[in-house]
Amino acid sequence: MSVRTVPVSDLTAEQAAAELAALAAEIAEHDRHYHVEDAPVIADADYDALRQRNEAIEARFPHLARPDSPSKRVGATPSEKFSKVQHAVAMLSLGNAFGDEDVADFAKTVRRFLSLADDDPLTFTAEPKIDGLSISLRYEQRKLVMAATRGDGAEGENVTANVRTIKDVPEHVESADFPEVFEVRGEIYLSHADFANINEKQADAGAKTFANPRNAAAGSLRQLDSSITASRPLKFFAYGWGEVSRLPGETQWDILDAFRRWGFPVNDLTRVCENVDQLLAQYAEIELHRAGLGYDIDGVVYKVNRLDYQDRLGARSRTPRWAVAHKFAAEKATTVLEDIEIQVGRTGALTPVARLRPVTVGGVVVSNATLHNEDEIARKDVRVGDTVVIQRAGDVIPQVLASVPEMRPDNSTPFAFPELCPVCGSHAVREVNEKTGRVDAVRRCMGGLICPAQRVERLKHFVSRNAFDIEGLGDKVIEEFYTDGLIQSPQDVFSLQARDERSLKRLKDREGWGETSVRNLFAAIDERRMIPLDRFIFALGIRHVGETTARILARSYGSVEAVRSAMLDAAGDREGEALADLNNIDGIGTTVADAIVEFFGEPHNLSVVNELLEHLTVTPLEAVDTGSPVSGKTVVFTGSLERMSRDEAKAMAERLGAKVSGSVSKKTDLVVAGPKAGSKLTKANELGIEVIDEDGWFERVGMN
Ligand code: IVH
């Protein structure tokens, strides 16, 4: 450490050059200890001091900066991570439309939801869908105070320091009409030219190049060293907002106008459209410009223009009802199908996967594609050895479209779909749907939990992002831990640390692991010992129970104990009240109800739930709006409603924290009855339940 004691300001050029060389080697070595061996040999603070010294010397002697300098290394993963930011308003994603009919359906659904007649005016905006990463920029008193990535929509990463280096993002907004609090949302992206430039520089420096502009933009934004971000010409388009103290207008278009006035870039290809034909015309117009734009776009986004309509439409679990992304047609390529492999999923579904000779489609190398199911393979007569056409649409998994018969090898035979599970050997059958009488398209392994594939997939689902979200337990780790007997059932996740402490073969001594990674894993597991009820239900992996259904159940039953006892009652008595109650919950159909009851009726599942609960605190779902007088109440809508559609009524009630039920029972708190209400109204009167009309409802919820 001898030279290091010399202040940077006193170093000679010769000393500086020698020290930069030593620092480059030393920091690279520490990076290897940390990332590859997971066993750092110095404290984080000492490591940071080395990097800071390196940067200080480079700042004084810029011409001596080495090509292998730690400050230039891309993805030199930081010693600290970005802090997490809770979004005040969730950052949603968009539903997709792939063809003209989907667009017409979108408009129709919006009209139906809002109870608009065909000739009532309904305008939309149409704008390019930028292929970058979304960002939320929070301004307070006209100053940028926080920039956060989308993350999982609820929580993103604090990248403020890096975003401050982006020229398109104003640091201050001058306009006097800029509200006190305003979160501007939009897309960060790179132009094709800047992307090519960055890759050229990366290649010159012997560093890794990026696959596409989106990845390069993401890599540039997620640098711990803001000076790297500053050297990448990231750009920004504003198209939305999060938490705001006031909105500067009444339509989407008004807000975009305000963005322009305030100094935020807004895409010039944005238009207001009066009907579906105009939307499609603008789509064609934007597609025409696509190649010449100089940056990637992957479709056109349509948004309902009136903000009061947007509010009424609200959102499904992850996507707004008032907007849709109309994607550009997928890119295609031809390659050879080398094999068809059968994967077994969480619910036992056998899915054929095409193993392909690697081929580039739309800038990405593809070597796998889905073949959907047995009937698809037969219908398209796709055979191993065939030359096939594949397509990739956005982030959707590539698909095999067809095979090219002229190029088929002479000895080829049709693909024989297995009738036994390739993993556990159990029978794999195609069930008959009781209601439709039709044979299911999917062949399923009947092995249940004796099938290792199903168990592993259930575990992967259990720890996945929208379920328990345990960092460090990715698919590969789960597979490994399952094979080695470390985690075979969900509850094993939470006893892992205790078992490891008693074990002779410690996790930290496993290949690919070390003290730090094991410590991080245990910390990540501990963080999830407390979990919201809806995530808990979703994590169980009950067939047909996705996030939305899990949320409905969580809201209806309130606590995990209530769910468990109701489902046990329902499983024990198929004629009883518990099952009737479950069926009465709005949004729960009989298929879903049957699947839930079947799950809890299986002793093995019940013991998994019970054991999990010994390790966990499951918190009730926070009421959406506890301030509302209908929050927590069970409401039934009946008769014909005139001011809103049934869907809108339901969405509004749920937004206000109410549960909506399809039938009247002792548990009903309030019945909203329109004209022509029949038996439900009679029953409500018999049971002495409060009945109000539609106007009464609006008055009750304070929207008159
Ligand atoms: S609006 C609530 N507008 O596409 C609606 N999104 O697939 C939020 N995106 O996460 C999105 N261009 O990152 C909107 N003009 C545009 C967009 C756009 C690109 C991205 C955005 C979003 C993703 C959804």
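So, a few notes on the structure that sits alongside this text. (Residues numbered from 1 in each chain as written. Predicted model: local features only at pLDDT ≥ 70, side-chain atom pairs only at ≥ 80, totals over all residues. Heavy atoms only, no water.)

Observations concerning the site of the ligand
- In the vicinity of the ligand there are 13 residues, among which E127, I130, E187, Y239 and K303 approach most closely.
- Residue I130 places a main-chain N or O atom 3.0 Å away from a nitrogen atom belonging to the ligand.
- Residue K303 places a side-chain N or O atom 3.1 Å away from a nitrogen atom belonging to the ligand.
- In isolation the ligand exposes 520 Å². Once the protein is present, 87% of that is buried.
- Every element with two or more residues in the shell around the ligand is listed here: β3 (124–130) and β10 (297–304).
- Element by element, the count of residues in the shell around the ligand is highest for β3, at four residues. (Near = heavy atom within 4 Å. Polar contact = N/O pair within 3.5 Å; in protein donor to acceptor, adjacent residues only side chain to side chain. Areas by Shrake-Rupley, 256 points an atom, 1.4 Å probe, with all protein chains shown as cover. Helix = DSSP H or I, 4+ residues; strand = E, 2+ residues; numbered from the N terminus.)

Some points on the nonpolar core
- Core analysis: the biggest nonpolar cluster contains 60 residues, and I470, L473, F536, L582 and F600 have the highest contact counts within it.
- Residue contributions to this core peak at six residues, all from helix α20 (residues 590–601).
- Apart from the residues within four sequence positions on either side, L473 is in contact with V463, I478, F481, I487, V493 and L521.
- Counting 36 residues, the second-largest nonpolar core is a separate cluster that includes A147, A216, L221 and I255. (Core = buried A, V, L, I, M, F, W, Y, C linked by side-chain atoms within 4.5 Å. Buried < 20%, exposed > 50% of the residue type's maximum accessible area, 1.4 Å probe, protein only. Contact = heavy atoms within 4.5 Å.)

Examining the packing of helix α19 (residues 577–584) against α20
- Running from N to C, α19 and α20 point in directions that differ by 135 degrees, and their axes come no closer than 9 Å. Considering their axes alone, α19 and α20 lie oblique with respect to each other. Helix-helix and strand crossings are classified by hand; for α19 and α20 the assignment is right-handed. On α20, the residues that touch L579, L582 and N583 of α19 are T590, A593, I596 and V597.
- Here the residues of the contact of α19 with α20 sort into five nonpolar, two polar and no charged. (Axes fitted to C-alpha atoms, helices over the stretch in contact; angles between N-to-C directions. Parallel < 35°, antiparallel > 145°, perpendicular 65-115°, else oblique. Left-handed = near helix turned anticlockwise from the far one by under 90°. Nonpolar A, V, L, I, M, F, W, Y, C, P; charged D, E, K, R; others polar.)

Section: the pairing of strand β13 (residues 350–361)
- With seven bridges joining them, strand β12 (residues 331–344) and β13 adopt antiparallel strand pairing. Bridge assignment links D339 to a residue of β13, and that residue is R355.
- Joining the antiparallel neighbours β12 and β13 is a turn of five residues, in which G348 adopts a positive phi near 90 degrees.
- Both β13 and strand β14 (residues 364–370) contribute to a ladder of six bridges, which runs antiparallel. Among the inter-strand pairings, R355 is bridged to a residue of β14, identified as N368. (Pairing = 2+ DSSP bridges.)

Notes on unusual backbone geometry
- At S115, a position not held by glycine, the phi torsion is positive, near 55 degrees.
- With a phi angle near 70 degrees, H544 is a residue other than glycine that sits in the positive phi range.
- Tracing the sequence through the fold places H544 in the loop between α16 (533–539) and α17 (547–557).
- By relative accessible area, which is 42% here, H544 ends up partly exposed.

A short note on the packing of α20 against helix α21 (residues 603–615)
- It is the contact of α20 with α21, at a shortest axis distance of 5 Å, that shows an interaxial angle of 80 degrees. One way to sum up the angle between α20 and α21 is to call them roughly perpendicular. For the pair α20 and α21, contact is made by F599, F600 and G601 and by P603, N605, L606 and V609, respectively.
- Residue classes in the contact of α20 with α21 are distributed as five nonpolar, two polar and no charged.

Focus on the sheet that holds strand β22 (residues 659–660)
- With parallel pairing, four strands are arranged side by side in an open sheet as β22-β21-β23-β24. Both edges of this open sheet fall to β22 and β24 (690–692), since each of them pairs with a single strand only.
- In this sheet, strand β23 (residues 670–673) lies alongside strand β21 (residues 634–638) in parallel orientation, the contact comprising four bridges. Within the sheet, the bridge partner assigned to T638 lies in β23 and is A673.
- Packed onto the sheet, helix α23 (residues 679–687) meets β21, β23 and β24 and runs at close to 140 degrees relative to β24.

Here's the deal with the environment of G514
- By the element assignment, G514 lies in the loop between α14 (490–502) and α15 (515–527).
- On a C-alpha basis, the gap between G514 and D581 in space is 51 Å, while along the polypeptide they are 67 residues apart.

Quick look at the pattern of salt bridges
- In total, this model carries 39 salt bridges according to the counting rule given.
- Between D375 and R430 there is a salt bridge; the shortest N-O distance is 2.7 Å. With D375 in helix α11 (residues 374–380) and R430 in the loop between β17 (428–429) and β18 (444–445), this residue pair connects regions lying 55 residues apart in the sequence.
- Residue R430 is classed as partly exposed on the basis of its relative accessible area of 21%.
- D381 is paired through a salt bridge with R408; the nearest N and O atoms lie 3.1 Å apart. Taken as a pair, D381 in the loop between α11 and β15 (387–392) and R408 in the loop between β16 (399–403) and β17 lie far apart in primary sequence, 27 residues in all. (Salt bridge = Lys/Arg side-chain N within 4 Å of Asp/Glu carboxyl O.)

Regarding the packing of aromatic side chains
- Counted by the stated rule, this structure contains 21 aromatic pairs.
- Taken together, a centroid distance of 5.1 Å and an interplanar angle of 5 degrees make the contact between Y189 and F237 stacked. Placement of Y189 in strand β7 (residues 181–189) and of F237 in strand β8 (residues 235–244) is noted, with a sequence separation of 48 residues between them.
- Since its relative accessible area comes to 11%, F237 is described here as buried.
- In this structure an aromatic cluster arises from ring pairing among Y139, F178, F182, F259, W262 and F264.
- Here the guanidinium or amino end of R643 rests over the ring plane of F698, the centre of that ring lying 3.9 Å away. (Phe/Tyr/Trp six-rings, centres within 6.5 Å; stacked < 30°, edge-to-face > 60°. Lys NZ or Arg CZ within 6 Å of the ring centre and 35° of its normal.)

Thoughts on a negative patch on the surface
- On the surface, E431, E434, D594, E598 and E602 cluster together into a patch of negative charge.
- Within the element layout of this structure, E431 appears in the loop between β17 and β18.
- Relative accessible area serves as the criterion here: at 33%, E431 is assigned to the partly exposed category. (Patch = residues over 30% accessible without salt bridge, like charges linked within 9 Å, V, L, I, M, F, W, Y side chains within 5 Å. Lys, Arg positive; Asp, Glu negative; His and termini not counted. Charge placed at Lys NZ, Arg CZ, Asp CG, Glu CD.)

Here we look at the pairing of β15
- Note that β12 and β15 share six bridges and pair antiparallel. Residue pairing across strands places T335 opposite V388, the latter belonging to β15.
- Across four bridges, β15 lies against β16 in antiparallel orientation. Bridging across to β16, Q391 finds its partner in Q399.

Let's talk about the sheet that holds β10
- In spatial order, the strands read β2-β11-β10-β3-β9; together these five strands make up an open sheet with mixed pairing. The open sheet has two edge strands, β2 (96–97) and β9 (271–273), and neither has a second partner.
- Relative to β10, β3 is paired through seven bridges, and the arrangement is antiparallel. Bridging across to β10, T125 finds its partner in K303.
- Sitting on the sheet, helix α8 (residues 252–262) touches β3, β9 and β10, and the angle it makes with β3 is about 55 degrees.

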